[in-house]
Amino acid sequence: MRIEVWREAGRWWAAGQHDRKSLVLEGTTLLDVSTVSLRRVSEIEPYLRGRRAQFRAVGGGL
């Protein structure tokens, strides 16, 4: 997969295509794009539970 990266003050975008599916990532300079890795996830619910817990911790109430 070939990934193209664009940078702007404080932000970056990375885009690529795999198996005829497109992917675009957006990040800030707080996260170095070269440290990002992608992994296939077959069960997303544990990640969603963690995200909901984060929202509850800051008063989002999900």
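Scroll up to find the structure this text is about.
So, how was this worked out
- Within every chain, residues take consecutive numbers counted from 1 along the sequence as written.
- Residue-level local features of this predicted model are given only where pLDDT is at least 70; pairs of side-chain atoms are given and counted only at 80 or more, and the full residue set underlies all totals for whole chains, interfaces and linings.
- With hydrogens and water excluded, all non-hydrogen atoms of the structure serve as input to the side-chain values.
- Throughout this description, the term salt bridge denotes a Lys or Arg side-chain nitrogen within 4 Å of a carboxyl oxygen of Asp or Glu.
- Helix and strand definitions follow DSSP, with helices as H or I runs of at least four residues and strands as E runs of at least two, each counted in order from the N terminus.
- Buried, partly exposed and exposed residues are distinguished by accessible area as a fraction of the type maximum, computed with a 1.4 Å probe on protein chains only: under 20%, between the cut-offs, and over 50%, respectively.
- A helix is expected to span 1.5 Å for every residue after the first.
- The criterion used for residue contact is that any of the two residues' heavy atoms lie within 4.5 Å.

Caption draft 1: Layout of the pattern of salt bridges. Summed over the entire model, instances satisfying the criterion amount to 2 salt bridges. The salt bridge involving Glu 26 is made with Arg 11; its shortest N-O contact spans 2.9 Å. One end of the pair, Glu 26, is in strand S3 (residues 21-28); the other, Arg 11, is in strand S2 (residues 11-18), with 15 residues separating them in the sequence. A relative accessible area of 31% places Arg 11 in the partly exposed class. Among the salt bridges present, the one from Glu 45 reaches Arg 52, with a minimum N-O distance of 2.8 Å. With a relative accessible area of 26%, Glu 45 lands in the partly exposed category. Residue classification places Arg 52 among the partly exposed positions, given a relative accessible area of 32%.

Caption draft 2: Just helix H1 (residues 45-57), in detail. Here H1 is 13 residues long and its end C-alpha atoms lie 18 Å apart, about the 18 Å a rise of 1.5 Å per residue gives. Looking one or two residues beyond H1, the residue adopting positive phi is Gly 59, at roughly 90°.

Caption draft 3: Up close: the environment of Met 1. By the element assignment, Met 1 lies in the segment before strand S1 (3-8). In sequence terms Met 1 and Trp 13 are 12 residues apart; their C-alpha atoms lie 16 Å from each other. Not counting residues within four places of it along the chain, the set of residues in contact with Met 1 comprises Gln 17 and His 18.

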